[in-house]
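If you want the building blocks of each chain, they are given just below.
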Amino acid sequence: MLTLQVLRNDREALEKALSKRGINAATMLNRILALDEERRHTQKEVDDLKAKQNEASREIGDLFKSGKKEEAEARRTEVSALKEKIHVLDEHQKSLVQQQEAALLEMPNRPHESVPTGHSEADNEVVSEEGDKPQLHGEAKPHWELADQYKLIDFEAGVKISGAGFPVYRGKGAKLQRALIQFFLDRADAAGYEEFIPPHLVNPDSGRGTGQLPDKEGQMYHCVEDDLYLIPTAEVPLTNLYRGDILAEEELPVQLCGYTPCFRREAGSYGKDVRGLNRLHQFDKVEIVRFEKPENSYASLDGMVEHVRGLLRDLELPFRTLRLCAGDLGFTAALTFDLEVWSAAQERWLEVSSVSNFESFQANRLQCRFRNAAGKPELVHTLNGSALALPRIVAALLENHQGPDGIRIPAALQRYTGFDTIS
RNA sequence: GGAGAAGUGCCAGAGUGGUCGAAUGGGCCUGAUUCGAAAUCAGGUGUGCCUUCACGGGCACCGGGGGUUCGAAUCCCUCCUUCUCCGCCA
C-alpha cells in the first residue's frame, strides 16, 4: 500500500498518476486525509489524557508509600473517571486507524511515469520483438495435439483425478518439465540469486504482505480449516521471507529465487484461453525476487528483464517484450514488463513472464526496510519476475520446434533433458 | 494429538504489581590512549505515532490479541511459537 506520507505530501502528482489507471482518486484521497486529520486530533487528545493518568498513577504510588492512604484513595476515584473517557476515545481512535488502513489498502500502486495510458492489453506498448517465427505453412499442430501424439501430457487423466486445469505430465513430458526447472534455476543461480524452497501454503499475513489479500482473495485456493492459502506464485513466500525486517544497507540488493508449483483458481476464465496448457490451476514456475535500494530499483528491473530474455534466446523461441499500460498494470505494480512467446500453431503471443517493480508498495505492507546512510529505517523497493513460467514455455517449445521427425530440443536444454528430440 | 516448561532489546540474560523502554555482560558506533593495533577508559546504541521552526516533550510497544488494576514485562484469559516427555507417522 501507499504510505500516508505520499498521500499527504504528494497528493497532486499521485492523483494524476492514478488517473492513468482510470481511477478518480480524489474522493478516496479526501476521505483518507480527512480520517487522518481526525485520527491525529484524536490521538493528541488520548495521549494527553493518558499522560495525565500516568502522572496521577505515579503520584498514587508515592502517596501509598508515604502512608497517605486517604489522599491516595481520593486520587484513585478521580483517575477512575478519567479511565472511562480514555477508553471511549481510544476505541474511536482505533476505529479511525482501521478505517484508514482499509481505505489505504484499496488504493492501487502509483504507476511509474513511463507507464503508457490505456485501458486494456491492446494498449500495451511493444518494446521489442526478437527471434524468427517458424514457417510451418499451416502444418503446425497445436501443443495439445503434439502432447497427445508423443504421450507427453495426459489432460484427461488430470481431469479424472483432479479436474480441468490439472495436467498430468508423463515420460519425456515430465522429463522436459524437470529439465526446464533445473535450467532456469541454474541460470538464476549464475545470476546471483540464492535458491530457496519455500512452503507452498502461506498464512493470511503473508498474503497481505505481498498484496494478494485482500485484493485477490478469490483467486487463491484457501484451506479454511487451517486458514492457509496455496501460493499463486513463489513471490508470496519468497518476498515474505523479509517481512518485518530492517536490513543493513550492505545487505542490499537481496536476490532470491525459487521453484514452486503455483495454484490459481482462475475463476471466470473460459474458451481458447484455457485450452491445453494456456491457463492452468496448477503450474510450475521459477521466480526471481529482489530487494533493492530505491535509487537502484529501476536499473534492477531492466536487469531482470534482460535475464529473462537470455533464457528465451537460449530456448530459441521468438518473443516480444511489452511495457504494460496503466489499465493492464497489476494492483501492486508501479511498472511491469511482460514477456510473451510466439505460439506457432495458435498464432498468438503467450505471456510467459511478468517482471515488475513494486517500489515501496509491498515493502510498506511487509514493513521491510533498510537502514539508510542517515541511519534511519527506509522502505526498500521490491521486484520480482517469472524466470520462467513453465506451461506456456512447453507449449511454445512443442509448437515452434515441431518438425516431420519430431520435436527438437534446443541445444541449451539438451544437457538437462538428456535427449535432443521428442519423437 | 496428550502432559509439562518457556517466549524480554543485535545476542546472552536479569526483572514476578509502582519512578522499567527495561539491570548486567557481550556485540556494534563515537571519542581518549597508541606510530598503528590489541588491551583499557569515557560516552552512545530500538521501532512506530503525535507534537515542536528547533531544542525538546508526549503516547504506545518486553511472542499476538483481550482482560484485571489508579498503575502490568510482572496477575488472569486466549491464540501462536519453541523446548522436554508420551503417542502417532512419511
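This text gives an overview of the structure that appears in the document. (Residues numbered from 1 in each chain as written. Chains lettered and ligands numbered in written order. Predicted model: local features only at pLDDT ≥ 70, side-chain atom pairs only at ≥ 80, totals over all residues. Heavy atoms only, no water.)

1. Here's the deal with the packing of helix 7 (residues 171-190) against helix 12 (residues 390-400)
Item 1. Packing of helix 7 against helix 12 leaves a shortest axis separation of 11 Å and a crossing angle of 115°. Between helix 7 and helix 12, the angle falls in the class roughly perpendicular. The handedness of the crossing between helix 7 and helix 12 comes out as right-handed. Between helix 7 and helix 12, the contacting residues are Leu176, Gln177, Leu180, Ile181 and Phe184 on the first element and Leu390, Ile393, Val394 and Leu397 on the second. (Axes fitted to C-alpha atoms, helices over the stretch in contact; angles between N-to-C directions. Helix = DSSP H or I, 4+ residues; strand = E, 2+ residues; numbered from the N terminus. Parallel < 35°, antiparallel > 145°, perpendicular 65-115°, else oblique. Left-handed = near helix turned anticlockwise from the far one by under 90°. Contact = heavy atoms within 4.5 Å.)

2. Looking at the protein's contact with RNA strand B
Item 1. Within the structure, RNA strand B sits among 25 residues, and Arg39, Gln43, Ser57, Lys65 and Arg371 are positioned closest to it.
Item 2. Backbone atoms, meaning sugar plus phosphate, form 72% of the atoms of RNA strand B positioned within 4 Å of the protein.
Item 3. Gln53 is positioned such that a nitrogen or oxygen atom in its side chain is 3.1 Å from a phosphate oxygen of RNA strand B.
Item 4. Note that a phosphate oxygen of RNA strand B is positioned 3.0 Å from one of the side-chain N or O atoms of Arg369.
Item 5. Mapped onto the surface near RNA strand B, the elements with two or more residues apiece are helix 1 (4-9), helix 3 (26-65), helix 4 (69-105) and strand 14 (369-371).
Item 6. The greatest single-element share of the surface near RNA strand B, amounting to 15 residues, is contributed by helix 3. (Near = heavy atom within 4 Å. Polar contact = N/O pair within 3.5 Å; in protein donor to acceptor, adjacent residues only side chain to side chain.)

3. Structural notes on a negative patch on the surface
Item 1. A cluster of acidic residues, Glu217, Glu225, Asp226 and Asp227, forms a negative patch at the surface.
Item 2. Tracing the sequence through the fold places Glu225 in the loop between strand 6 (222-223) and strand 7 (228-230).
Item 3. Looking at Glu225, the relative accessible area reads 79%, which means it is exposed. (Patch = residues over 30% accessible without salt bridge, like charges linked within 9 Å, V, L, I, M, F, W, Y side chains within 5 Å. Areas by Shrake-Rupley, 256 points an atom, 1.4 Å probe, with all protein chains shown as cover. Salt bridge = Lys/Arg side-chain N within 4 Å of Asp/Glu carboxyl O. Lys, Arg positive; Asp, Glu negative; His and termini not counted. Charge placed at Lys NZ, Arg CZ, Asp CG, Glu CD. Buried < 20%, exposed > 50% of the residue type's maximum accessible area, 1.4 Å probe, protein only.)

4. Points about helix 2 (residues 11-19)
Item 1. Here helix 2 has its buried residues at Leu14, Ala17 and Leu18. Summarising the axial view, the buried residues of helix 2 lie within an arc of 95°, below the 170-degree limit, and thus occupy one face. Summarising the geometry of helix 2, the exposed residues directed more than 90 degrees from the buried face are Glu12 and Lys16.
Item 2. Taken together, the buried residues of helix 2 touch helix 1 and helix 3. (Arc of directions from axis to C-beta.)

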